[in-house]
Amino acid sequence: MKESTFTQLAGVIEDKLGVPADEIHEDTVLEDISVDSLALIELTLVLQKHFGVSIASDRVSPEDTVGDLVAVVDVALRQAPATRQAS
Amino acid sequence: MTAPRESLSRTRVAVTGLGLVTPAGIGVVENWVRVCAGEPTTGHDDELAGLPVTLAARVPGFDGAARLGRATAWRLDRVHQFALVAAREAVADAGLDPASWDGARVGVVLGNALGGAVSHERAHAALVQEGPRGVSPLAMVNGPVNMSAGYVAMDLRAQGPNLVVATACASGTTALGVGRDLLRSGTCDIVIAGATEAPLARTPMAAYAQMGALSRRGHDPAGASRPFDVDRDGFVAAEGAGVLVLEREADARARGARVRAFIDGYGASADAHHASAPDPTGAGAERALRTALADAGVRPQDVRHVNAHGTSTQLNDRTEGALIRRVLDGPVVTSTKGVTGHALGAAGAIEAAYTVLTVQHQLVPPTANLEKLDPDIDLDVVQDVARPLAAGVAVSHSFGFGGQNAVLVVTAA
């Protein structure tokens with residue numbers, strides 16, 4: 001079964017930022033795990049490659065939560081299912 | 001701590017801390033052991049595969065994520081990671097605690113030549129392959145040369161003057177001279193001074209190869225960097241960082257710090273001659289050397305040791321050899337680049353640290369790979385094994401593209 005968007009996103013954050021996946025929750029605020037504005041754009045670039053879709057980085061800010069970012073990714077995935085290539 | 005300007009101008013500046021991240025190892029002790037053993041570090045570099053020259057000297061086993069945490073390492077180009085690791089070591093070595101110091105009185109002066117070369121290159125590749133929306137915004141806080149000093153300030157709460165100087169391969173030496181002057185002028189009480197470089201990206205390495213500056217001794221990688229040897233054929237590019245903690249002697253003594261050595265003289269000049277070749281007369285380099293000696297108040301015959309720029313290029317080593325012969329009186333010479341390769345902008349700071357260790361331990365490391373001294377170079381170059389050194393004055397030379405020269409005078413404590 002394919003992993004949920006949240007699980008994959010938590011995996012990317014653990015890999016890049018060293019925050020253990022089991023400490024990342026839907027309500028975790030991004031800036032609390034060192035994701036400031038520049039890092040957020042970088043993170044969306046990483047997620048674009050990971051999910052194979054175009055993600056609008058301006059839809060989410062460091063004050064938002066991991067869950068908000070998951071929602072943005074899910075919107076992108078729904079809009080471009082044909083190009084989806086989760087890894 | 002601020003004293004009248006007149007007395008400050010003659011104030012001695014002490015080296016109280018060292019930090020090193022080089023191909024010879026991570027940490028001062030590891031570096032000193034390998035450099036004194038004369039063990040070379042050059043090899044063929046996988047990242048440079050397909051280029052005309054693939055020889056390079058990398059910092060072995062450098063794991064930025066393990067040392068700095070993944071969140072920091074993810075954001076920082078290798079050039080800044082080196083600076084942070086070396087600066088942390090230097091500050092700890094000095095017995096200083098950033099949590100308790102007056103950050104406004106702590107300056108950072110680093111040297112660098114190429115900035116975040118890998119970051120620049122990745123950003124350009126993304127632009128070409130994916131268009132502007134594929135370019136990482138972090139490229140703009142990783143690429144510019146100033147950022148290394150900025151990150152050190154953030155990491156160590158150093159809130160005084162903060163800058164990066166660029167004089168190509170003299171940058172590290174220039175940074176130490178400029179940093180010393182911030183103490184002499186009374187502007188700072190502590191200066192974290194040194195340099196960093198992470199140049200092993202394909203674009204700059206292709207350009208260096210096109211210049212004909214790099215050794216092509218591909219059949220014998222370990223022997224490629226061979227300063228002053230008759231068979232030398234170019235330098236080996238290296239990466240790394242060297243950081244020194246500088247304080248006025250009185251301040252260092254007052255807090256009971258260990259003084260490893262003094263930086264007593266600094267001289268700088270420009271050849272005003274050519275973009276990459278040294279002035280064959282050596283006049284510019286000589287001005288820097290003589291200025292540094294006068295600044296330290298020492299005579300040429302007082303200099304017992306030279307840590308040479310000694311890049312292993314035909315031209316540098318011959319011109320520098322003639323300079324040492326002409327100005328000084330038979331000092332014991334070494335080029336530690338035989339071990340480390342040439343860390344470009346960081347070389348001067350790494351070699352200043354080695355020079356401090358040399359006068360402190362009264363032991364001159366050998367010039368690795370020196371098998372047969374070039375008959376045109378009439379110098380006493382240490383060969384094969386480290387040689388004991390009588391107490392005294394040492395100098396460290398650095399000469400950069402653009403004809404930028406810088407020399408430090410280092411004296412035993």
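### Observations concerning the overall build of chain B
- In terms of helices and strands, chain B carries 14 helices and 16 strands.
- Scaling as 2.2 N^0.38, a compact globule of 413 residues should have a C-alpha radius of gyration of about 22 Å, and chain B matches this with 20 Å.
- For chain B, the C-alpha atoms occupy an extent of roughly 60 × 55 × 40 Å along the three principal directions.
- Here chain B holds 413 residues, and the buried ones make up 62% of them.
- Intrachain contacts of chain B at a sequence separation of at least 6 include 79% that bridge at least 24 residues.
- Only carbon and sulfur atoms are counted for the fraction: they give 53% of the accessible area of chain B, which is about 14,500 Å².

### Details of the nonpolar core
All names here are of chain B.
- Residues Leu18, Leu176, Met205, Leu244 and Leu246 are the most contacted members of the largest nonpolar core, which totals 60 residues.
- Top contributing element to this core by residue count: helix H14 (residues 347–361), with eight residues.
- Residues lining this core come from more than one domain, with at least three contributed by each of domain 1 (13–254) and domain 2 (265–412).
- By size, the runner-up hydrophobic cluster in this structure holds 37 residues, among which are Val59, Leu110, Val141 and Val243.

### A closer look at the packing of aromatic side chains
Residue and element names in this part refer to chain B.
- Under the criterion given, the structure shown has three aromatic pairs over all chains.
- Ring centres of Phe62 and Phe82 lie 4.8 Å apart, and the angle between their planes is 75 degrees; this geometry places the pair in the edge-to-face category. Here the residue Phe62 occupies a position in the loop between strand E4 (55–56) and helix H3 (64–68), and Phe82 occupies one in helix H5 (residues 78–93), the gap between them amounting to 20 residues. Phe82 matches Phe62 in its accessibility class, with the two residues each being buried.

### Points about the interface of chain B and chain A
- At the interface, twelve residues of chain B touch 16 residues of chain A.
- For the pair chain B and chain A, the summed buried surface comes to about 1,200 Å²; carbon and sulfur atoms form 59% of the total.
- By the criterion of area lost to chain A, the three top residues of chain B are Arg70, Trp74 and Pro137 of chain B, representing 50% of everything that side buries.
- On the surface where chain B and chain A come into contact, there are two salt bridges.
- With a closest N to O distance of 3.5 Å, Lys49 of chain A and Glu130 of chain B form a salt bridge.
- Between chain B and chain A we count six residue pairs in polar contact (both at pLDDT 80 or more) in total.
- Broken down by element, the side of chain B that touches chain A gets its largest block of residues, four residues, from helix H4 (residues 70–75) of chain B.

### Points about the environment of Ser119 of chain B
Residues and elements named next belong to chain B.
- Along the chain, the position of Ser119 falls in helix H6 (residues 117–130).
- In the structure, Ser119 is positioned 251 residues away from Leu370 in sequence and 36 Å away in space, judged by C-alpha atoms.
- Residues in contact with Ser119, not counting those within four places in the same chain, are Asp77, Ala139 and Asn142.

### Comments concerning the pattern of salt bridges
Residue and element names in this part refer to chain B.
- Going through the model one piece at a time under the given rule, you end up with 29 salt bridges over all chains.
- A salt bridge links Glu286 to Arg290; the nearest nitrogen and oxygen atoms lie 2.9 Å apart. Of the two residues, Glu286 and Arg290 both sit in helix H11 (residues 283–296), four residues apart, roughly one turn of that helix.
- With its nearest N and O atoms 3.2 Å apart, the salt bridge here joins Asp378 to Arg325. Taken together, the positions of Asp378 in the loop between strand E12 (363–364) and strand E13 (380–381) and Arg325 in helix H12 (residues 314–327) put the pair 53 residues apart, joining distant regions of the chain.
- Note on Asp378: relative accessible area 46%, which makes it partly exposed.
- Here the salt bridges do not stand alone but share partners, grouping Asp45, Arg58, Arg78 and Glu239 into one network.

### What about the side chain of Glu42 of chain A?
- With respect to the helices, strands and loops of the structure, Glu42 of chain A is situated in helix H2 (residues 37–51).
- We note that Glu42 of chain A is buried and unpaired, the nearest opposite charge coming from Lys16 of chain A at a distance of 7.2 Å.
- Excluding residues within four positions of it along the chain, Glu42 of chain A makes contact with Trp74, Ser136, Pro137 and Leu138 of chain B.

### A word on the domain arrangement of chain B
Residues and elements named next belong to chain B.
- For chain B, the domain assignment lists domain 1 (13–254) and domain 2 (265–412).
- With centres defined by C-alpha atoms, the gap from domain 1 to domain 2 works out at 20 Å.
- Each partner contributes residues to the interface: domain 1 has 66 residues there, and domain 2 has 62 residues.
- Summed over both sides, the interface between domain 1 and domain 2 buries roughly 4,700 Å², with carbon and sulfur atoms accounting for 67% of that surface.

What counts and what doesn't
- Residues numbered from 1 in each chain as written.
- Chains lettered and ligands numbered in written order.
- Predicted model: local features only at pLDDT ≥ 70, side-chain atom pairs only at ≥ 80, totals over all residues.
- Heavy atoms only, no water.
- Helix = DSSP H or I, 4+ residues; strand = E, 2+ residues; numbered from the N terminus.
- Rg over C-alpha atoms; globule rule 2.2 N^0.38 Å.
- Buried < 20%, exposed > 50% of the residue type's maximum accessible area, 1.4 Å probe, protein only.
- Contact = heavy atoms within 4.5 Å.
- Areas by Shrake-Rupley, 256 points an atom, 1.4 Å probe, with all protein chains shown as cover.
- Core = buried A, V, L, I, M, F, W, Y, C linked by side-chain atoms within 4.5 Å.
- Domains from an automatic or database assignment.
- Phe/Tyr/Trp six-rings, centres within 6.5 Å; stacked < 30°, edge-to-face > 60°.
- Buried area = accessible area lost by both parts, 1.4 Å probe.
- Salt bridge = Lys/Arg side-chain N within 4 Å of Asp/Glu carboxyl O.
- Polar contact = N/O pair within 3.5 Å; in protein donor to acceptor, adjacent residues only side chain to side chain.
- Lys, Arg positive; Asp, Glu negative; His and termini not counted.

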